[in-house]
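# Structure assessment
For reference, the chains in residue letters:
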Amino acid sequence: MYNLEAFYGPNAGYVLELYDRYRQNPTSVDVTTRAIFDTWSPEDQLIAEQEAITGIAPIEVSKIVAASELAHAIRSRGHLGAHLDPLGSEPLGDPALLTETHGINDEDLAQLPPDVVGGHSAEGARNALEAIANLRSMYSGTISYEFDQVKSPLERGWLRDAVGLQLYRTSSDPAFRRNLLRRLTQVEVFERYLHQTYPGQKRFSLEGTDVLVPMLDEVIKAAIDSGTSEVILGMAHRGRLNVLAHVFEKPYAAILSEFGHMKHEEGVPLTDSFGFGYTGDVKYHLGAETILGEGATVDLKITLSPNPSHLEFVNPVVEGMTRASQETNDHRGIPQLDVDHTLPILIHGDAAFPGEGIVAETLNLWNLNGYTVGGTIHIIVNNQLGFTTEPKDYRSTYFASDLAKGFEVPIIHVNADDPEAALMAVRIAHAYRDQFHKDILIDLVGYRRWGHNEGDEPAFTQPQMYEIIRAHPTVRELYARYLQEQGVVSREGVDAMQQQALKALEDAKQEADDSLQPFEQEESDGLNGHYNEPEQPPAISAQTLIAFNAELLSWPEHFSPNPKLARLLQRRATTMGSDGGIDWGQAEALAFASMLADGIPIRLTGQDSERGTFSHRHAVLHDQHTGDIYIPLQHLSQAKASFSIYNSPLSESSVLGFEYGYSVHAPDSLVLWEAQYGDFANVAQPVIDQFIASGRSKWKQQSSLVLLLPHGYEGQGPDHSSARLERYLELAALDNWRVANCSTSAQYFHLLRMQAFNLLTLPRPLVVMTPKSLLRHPLAAANLQELVQGTFQPVLDDRVALSHADAVRRIVLCTGKIAIDMLANKLHTQPHDVAIVRVEMLYPFPAEALKKVLANYPEAHEIVWVQEEPLNMGAWSYVSSQLTTLPGLDIELNVVARPARPSPATGFSDLFQFEQERIIEGALRTTVKQYGGKHGG
Ligand SMILES: Cc1ncc(C[n+]2csc(CCOP(=O)(O)OP(=O)(O)O)c2C)c(N)n1
């Protein structure tokens, strides 16, 4: 005997559907289910039972099944019938949402008990018809949900309850509603005021999705309630000024002053702006930081990341900043992660979200050990246009949010003209993130009242849409009307709110006009664009390095790494004597150990970086029996800071953006990103151009991020040879970063330590061309004394040539691996008149150090720059301009390189070898003038 009541509610539909199938064909259900149904009473008994339970007339089970199916369809597909567009377009619809599709009609539903539909919708309903109507307004009204992509039944249940039980509905308290109206009034009046006062000036109005501001208010309130310490926000141009004014409490006077003054840096006369490090950015790209509740018991820091025009590229940067904010790293081992400490919010455009690949790359980070931030709240500010382009031309999916479904992100669609529903959406989003620490997305569907920017005429391209928009009341007007109907506010009350908002702006304008100075002067931080010499760290003792080395080569007694690897690593035990042999991987590990002992946290990521692409690092050991891992740098007895290393996902843009953000927010950490091969870094070109190279100049954003870019010509073909050194040199100016190309492991050791030592005093990104064949090359290896006594040398002289300096006629200048190729070449093993001088720090150009080295060769009459790269690539263009302007250098300058080419390297190994030999010969045989031509291929 079964209890029908137990199956009422949301589950009844499934069970009854199964039962219906069973009745038609018992073998159509599985054996266990069949066994249960076999014990059930026949249909007439079922009907009688139902009558007894519900007290209503007998009903066919098929109708109950149909009603349940309809309810189920509304719950899972209601979004296809939802009224999301404030401009009134019809939803796509779905047959499953129609009552008649299920073989019943409204009369049938009216005969059924409301419990057939179940959940909150049944409460207070007199029958299933009313319950279905409630359900439609819950799921197909102005708010709607897509949860089926969430794989966890627990989470789906939670989400369904959140909606079904209406747990996050906003209060109908009149004071709450009046406040919401006041906020919408401030948002609208702010935009209108700017519109009228500065006609045609770009502000990227929020109008049409005004409710974004109260939504952010709401999420910040929720964050404070759940004890969050920091909220980090990333957004593009749209509505940014409004968010700055109202969420970040940037004074109106400061914003108006920027419109009026177009301010530039204090203390820098415009006439002298050339040569000045800070060049600034337009006002709708600038970041902000505010502490809310200062002085009260709860403080919440909110940060808006500055961002470039490049849409969505700020996403990974915000994620990286968040991760840095969530980690504590002042202890040995792995950093401690507290995802409740910081909440990230990303605001997207409806065209940019499906269109820009960086969005997918960033979404992919949410559940990765090295990148998770415990969930991000995403809001698509969906104004149904991308500049002049319509959805049918910019996305292949029905909803702007569909991409997120592949990442199991729950989605809430909401009509931006229903402010209470929009607030409910963010409440659910925040509670879900709080509970499950996962991403959630709100698709806020509104419109754009003006053109893409305010100088634009949208009717040129969307005439019909803008006819509707012109006639469409604002959300403030609509909500004010609604509240008036509800008796919550009077007409006079509505007018008073507008007057108040306007007065605040007029007062601020007066203040801005009266002030001769622009508001919010920022303190100068010494961005003068002149090169400052980084300090060298104090020397480290041999005993200390020997002790580090021993610890790095030990692991717990019962831990068994691969025996071949163990043997390989034990080679490192033999290199601390006078014979040396400390290779790249070992030098790096020793440098890291020394920094950890100095209390500097380290984070290193990249594709396969744990082992190292070239099997040279092995920072993470794997037990061959258990699969357990052991990271010696996390167990170093002297370490006072954390060490983290992660294999990154196969992405460059998102992970490089992430590490940049991390480095900005954790200025005391050494953050390194390694490309698999340097070539692939150009996949992240916007991150390099828009953030790493120029963030400091535009936004005073400080970063000491290290880019490790494997570079060197070894016959591997066009895409595994060049890290495109020329690009980094071309972007170098005003002391924005350091670009190095080391030829020995000792130099690499000192370079890393120098970078770590200057993290707080002279923060700069560091771009390093790292080697492949040199990783284990004897001529690139170090001995202990070189690590102990040396420091980083921006220029390395030729020790052999120095012994007969007066005989030297030609100075071969070069950088990186080609120097080792030449030194290893037999031509150079005989005494001759060539000195090979290596430029190890390319930018800032070490002019003084180079002059000193050149002065060692008084009889030299020629400098030949030698590079493996084609003439139009590598360092030649940059170096030649540096050398020709070097004061006091009056000497012939030639070049040996591959001829100028569009592709960096040949795909034929014999051709590569032939060319490589000719380059070396051209450089070392003084009778052969040059290869590649003088100043040309
Ligand atoms: C990477 C990138 N490509 C192109 C542009 C030029 N652009 C600026 S805004 C815009 C349209 C953006 O539409 P949407 O994402 O819907 O945001 P909305 O401006 O409508 O708020 C385009 C194409 C850009 N800023 N960044």
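Since we're looking at a predicted model, the values are computed, not measured. (Residues numbered from 1 in each chain as written. Predicted model: local features only at pLDDT ≥ 70, side-chain atom pairs only at ≥ 80, totals over all residues. Heavy atoms only, no water.)

### So, the pattern of salt bridges
As a reminder of what qualifies: Here a salt bridge means any side-chain nitrogen of Lys or Arg lying within 4 Å of a carboxyl oxygen belonging to Asp or Glu. Helix and strand definitions here come from DSSP, where helices need a minimum of 4 consecutive H or I residues and strands a minimum of 2 consecutive E residues; each element is numbered from the N-terminal end. Buried, partly exposed and exposed residues are distinguished by accessible area as a fraction of the type maximum, computed with a 1.4 Å probe on protein chains only: under 20%, between the cut-offs, and over 50%, respectively.
A complete count under the given rule lists 36 salt bridges for this structure. The salt bridge involving Arg764 is made with Asp735; its shortest N-O contact spans 3.1 Å. Of the two residues, Arg764 is situated in the loop between helix H27 (745-757) and strand S18 (766-770) and Asp735 in the loop between helix H26 (725-730) and strand S17 (738-741); the sequence distance between them amounts to 29 residues. Given a relative accessible area of 4%, Arg764 falls into the buried group. Asp735 sits in the buried class, given a relative accessible area of 4%.

### A few points about the environment of Leu444
Going by this rule: Whether two residues touch is decided by their heavy atoms; if any such pair falls within 4.5 Å, the residues are in contact.
Within the secondary structure layout, Leu444 lies in strand S10 (residues 440-445). As a C-alpha pair, Leu444 and Ser257 span 187 residues in sequence and 31 Å in three-dimensional space. If we ignore the near neighbours within four places in the chain, the residues touching Leu444 are Thr209, Val211, Leu212, Met215, Ile379, Ile380, Val381, Asn382, Val414, Ala416 and Ala422.

### Describing the site of the ligand
Note the threshold: Any residue with a heavy atom lying within 4 Å of a molecule or strand is counted as near it. Side-chain atoms alone can form a polar contact between residues adjacent in sequence; in general such a contact is a pair of N or O atoms within 3.5 Å, and within protein one must be able to donate a hydrogen while the other accepts it. Polarity classes work like this: nonpolar for Ala, Val, Leu, Ile, Met, Phe, Trp, Tyr, Cys and Pro, charged for Asp, Glu, Lys and Arg, and polar for all others, with Gly in that last group.
The local shell around the ligand holds 15 residues, among which Arg238, Ser309, Asp350, Ala351 and Ala352 are the closest. Arg238 places a side-chain nitrogen or oxygen 2.9 Å from an oxygen atom of the ligand. Classifying every residue of the shell around the ligand by side-chain character gives 5 nonpolar, 7 polar and 3 charged.

### Some words on the confidence of the model for the protein chain
As a reminder of what qualifies: Looking at any residue, its pLDDT shows the predictor's confidence there, from 0 to 100.
With 90% of its residues at a pLDDT of at least 70, the protein chain reaches an overall mean of 90. pLDDT under 50 marks residues 264-271. Its contacts with residues more than four places away, or in other chains, come to 10 contacts. Under a pLDDT of 50 for its full length, residues 927-937 has, in the predicted model, 35 contacts with residues more than four places off or in other chains.

### Side note on the sheet that holds S17
Either a parallel or an antiparallel arrangement is found when strands of a sheet pair, and the pairing is made through backbone hydrogen bonds. Stated formally: When DSSP finds two or more bridges between two strands, those strands count as paired. Only the stretch in contact is used when a helix axis is fitted, and all axes are lines through C-alpha atoms; the angle between N-to-C directions ranges over 0 to 180 degrees.
Reading across from one edge, S14-S11-S15-S16-S18-S17-S22 is the order of the 7 strands in this open sheet, with mixed pairing throughout. If you trace the sheet from one side to the other, it starts and ends with strand S14 (643-647) and strand S22 (841-843), each paired once. Averaged over all pairs of adjacent strands, the angle between their axes in this sheet comes to 20°, without regard to strand direction. As paired elements, strand S11 (residues 602-606) and strand S15 (residues 670-674) share 5 bridges and run parallel to each other. When the bridges of S15 are listed, Leu604 appears paired with Leu672. Its contacts with the sheet put helix H23 (residues 653-665) on S11, S15 and strand S16 (706-710), and the angle it makes with S15 is roughly 170°.

### Quick word on helix H4 (residues 61-77)
Just so we agree on the cut-off: Here, expected helix span is obtained from the residue count minus one, scaled by 1.5 Å.
Counted at 1.5 Å a residue, the expected span for H4 with its 17 residues is 24 Å, and the 24 Å between its end C-alpha atoms agrees. Among the 17 residues in H4, 12 count as buried, and that is most of the element. Turning to H4, its buried residues number three or more, namely Val61, Ile64, Val65, Ala66, Ala67, Ser68, Leu70, Ala71, Ala73, Ile74, Arg75 and Ser76.

### Concerning the sheet that holds strand S7 (residues 342-349)
Spatially, 8 strands are ordered S1-S9-S10-S8-S7-S2-S4-S3 in an open sheet, and the strand pairing comes out mixed. Two strands in the sheet have a free side with no partner beyond their single neighbour: strand S1 (143-146) and strand S3 (288-292). Put simply, the sheet's adjacent strands are angled 15° from each other on average, direction ignored. Note that strand S9 (residues 411-415) and S10 share 5 bridges and pair parallel. Its bridge partner lying in S10, Val414 is registered against Leu444.

### Comments concerning the nonpolar core
In a soluble, globular protein the nonpolar side chains are often hidden away together inside. Going by this rule: Think of a nonpolar core as a cluster: buried Ala, Val, Leu, Ile, Met, Phe, Trp, Tyr and Cys residues, connected wherever their side-chain atoms sit within 4.5 Å.
With 105 residues, the main nonpolar core has Leu212, Leu216 and Ile379 as its most contacted residues. At 11 residues, helix H16 (residues 419-436) tops the list of elements feeding residues into this core. Not counting the four nearest positions on each side in its chain, Leu216 is found in contact with Leu233, Val243, Val247, Ile345, Ile347 and Ile379. Ile358, Tyr662, Trp673 and Ala684 belong to the second-largest nonpolar core, a separate cluster that totals 81 residues.

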